[in-house]
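The residues making up each chain are set out below.
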Amino acid sequence: MTKNVLVYIEIDENKAARVSKEIISHALSNFSDADINGIVLADEQAINLALDDLKKCGVNKLYILKDNLFDTHSTCLFAGVLERFILENKPDILLIGATPDGRDLAPRLASKLNIGLTADCTDLQVDSEGKLLATRPTYGGKMMATIISKTLPDFATVRPGAFKYNPNAVHNEPELVYINPDISGLSSLMEIISSENKPRIDDWTCSEVIIAGGLGLKTKENFDLIYKLAELLKAKPAASRAAVEQGWAPQDIQVGQTGNSVSPKLYIAFGISGAMQHTAGITNSDKIIAVNTDKDAPIMHTADFAIQSDAVDIINSLIQKLSN
């Protein structure tokens, strides 16, 4: 029986949000016998600017709910509109990106529909009966739990970067279905008094090269060499959870189950043991190089290239050669 999968597609800077594309790409590759569709809510101007990119997402049908009231974000209004659409169309699986807006919207929608929600997932699969197997970190990232919902639709949010986006896998243009949403009787419990645009933070998780440091670097002074090496290689710096907990690096560059999932072409790990919590965040890397004194460290078996050596010595040697 064909399962109907509905992906909520956010618009970000006149394009479909990358996490929405990642979810669709994963579903197309991993959900057998599934009809992958998308839904977007926006005003007419936003739709017109993003339409060309929306067509490239790979969904079979793209439901476009257009209303000029959508020009200002209102989570409550969006949740009400989506509730009515889902009750009428009855998708089997509903997926939303775990962005700030997605994390705000999803629990409200789950409450309205009286269904379960598996949040911040790092993996999604479908079993032989078509049920969604939603995997997420639990117990502070020490374990992974795979959750099967007892309510319909199966509902999950997906962590950005958890899946690799493959634009080459998309071959079809969607059937566009324009809908004038019924917003009668819907109102917001929130009033936006003022808003402020802050400088956009670059999404470093998709950088081509990421240089990461861990507890094996031993001191903050040694960890700071990661920043210098990353600058010389035109790469982005990252850290393990242990390094962040030592205060050597900010939490926003942490990689792993309780941090960020990354998908670079090259990931170089210096002094990182590579326990399950960390490797879960780097599985989408094309190539992994690990430098560690312990040949039995888990990351040495995960990496494409493993170098048994002192990480600080290797970093200093690279900095010296690159500086010259």
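Computed from a predicted structure; not experimentally measured. (Residues numbered from 1 in each chain as written. Predicted model: local features only at pLDDT ≥ 70, side-chain atom pairs only at ≥ 80, totals over all residues. Heavy atoms only, no water.)

Q: What is the right way to look at helix 3 (residues 75–89) in this model?
A: An α-helical turn contains 3.6 residues, so any two residues separated by three or four positions project in the same direction. Its 15 residues place the ends of helix 3 21 Å apart at the C-alpha level, agreeing with the 21 Å of an ideal helix rising 1.5 Å per residue. Counting buried positions along helix 3 gives 11 out of 15 residues, so the element sits mostly inside the fold. Burial in helix 3 covers these residues: Thr75, Cys76, Leu77, Phe78, Ala79, Gly80, Val81, Leu82, Glu83, Phe85 and Ile86. Taken together, the buried residues of helix 3 touch strand 1 (3–8), strand 4 (34–42), strand 5 (61–66), strand 6 (93–97), helix 4 (100–113) and strand 12 (175–179). (Helix = DSSP H or I, 4+ residues; strand = E, 2+ residues; numbered from the N terminus. Expected span 1.5 Å × (residues − 1). Buried < 20%, exposed > 50% of the residue type's maximum accessible area, 1.4 Å probe, protein only. Contact = heavy atoms within 4.5 Å.)

Q: I'm lost on the packing of aromatic side chains in this one. Help?
A: Centre distance and the angle of the planes are the two values used to describe a pair of aromatic rings. What the rule picks out here adds up to 3 aromatic pairs. The interplanar angle of 75° and the centroid separation of 5.8 Å between the aromatic rings of Phe223 and Tyr227 together place this pair among those described as edge-to-face. A residue pair is termed a helical-turn pair when its members lie 3 or 4 positions apart in one helix, as Phe223 and Tyr227 do in helix 5 (residues 220–232) at 4 residues. We classify Phe223 as buried; its relative accessible area is 0%. (Phe/Tyr/Trp six-rings, centres within 6.5 Å; stacked < 30°, edge-to-face > 60°.)

Q: Just checking my understanding: could you explain the side chain of Thr279 for this structure?
A: Note on placement: Thr279 falls in helix 7 (residues 276–279). Only 3.3 Å separates the side chain of Thr279 from the backbone oxygen of Met276, close enough to count as a polar contact. Leave out the neighbours within four places in its chain, and Thr279 touches Gly274 and Thr302. (Polar contact = N/O pair within 3.5 Å; in protein donor to acceptor, adjacent residues only side chain to side chain.)

Q: Can you walk me through the sheet that holds strand 16 (residues 287–292) in this structure?
A: Working definition: the strands of a sheet are paired by backbone hydrogen bonds and lie parallel or antiparallel to each other. Strands sit in the order 14-13-15-16-17 across an open sheet of 5 strands; the sheet is parallel. Since the sheet does not close on itself, it has two edges, and those belong to strand 14 (236–239) and strand 17 (305–308), each with one partner. Each strand of the sheet is rotated relative to its neighbour by a mean of 20°, with strand direction disregarded. Here strand 13 (residues 209–213) runs beside strand 15 (residues 266–270); their pairing, made up of 5 bridges, is parallel. Of the residues in strand 15, the one forming a bridge with Gly213 is Phe270. Its contacts with the sheet place helix 5 against strand 13, strand 14 and strand 15, and it is angled at close to 155° to strand 14. In this fold helix 9 (residues 311–323) packs onto strand 15 and strand 16, with an angle of close to 125° to the strand it touches most, strand 15. (Pairing = 2+ DSSP bridges. Axes fitted to C-alpha atoms, helices over the stretch in contact; angles between N-to-C directions.)

Q: It is not clear to me how the environment of Lys55 should be interpreted in this structure. Could you clarify?
A: Position of Lys55 among the secondary structure elements: in the loop between helix 2 (44–54) and strand 5. With 120 residues separating them in the primary sequence, Lys55 and Glu175 have C-alpha atoms 8.9 Å apart.

Q: What's the story with the pattern of salt bridges in this structure? I'm lost.
A: Summed over all chains, the structure comprises 12 salt bridges. Among the salt bridges present, the one from Asp104 reaches Arg108, with a minimum N-O distance of 3.1 Å. Of this pair, Asp104 and Arg108 both sit in helix 4, 4 residues apart, which is roughly one turn of the helix. Judged by its relative accessible area of 26%, Asp104 falls in the partly exposed class. For the salt bridge of Arg159 with Asp120, the shortest nitrogen-to-oxygen distance reads 3.3 Å. With Arg159 in the loop between strand 11 (154–158) and strand 12 and Asp120 in strand 7 (residues 118–121), the pair connects residues that are 39 residues apart, well separated along the chain. Residue classification places Arg159 among the buried residues on the basis of a relative accessible area of 6%. (Salt bridge = Lys/Arg side-chain N within 4 Å of Asp/Glu carboxyl O.)

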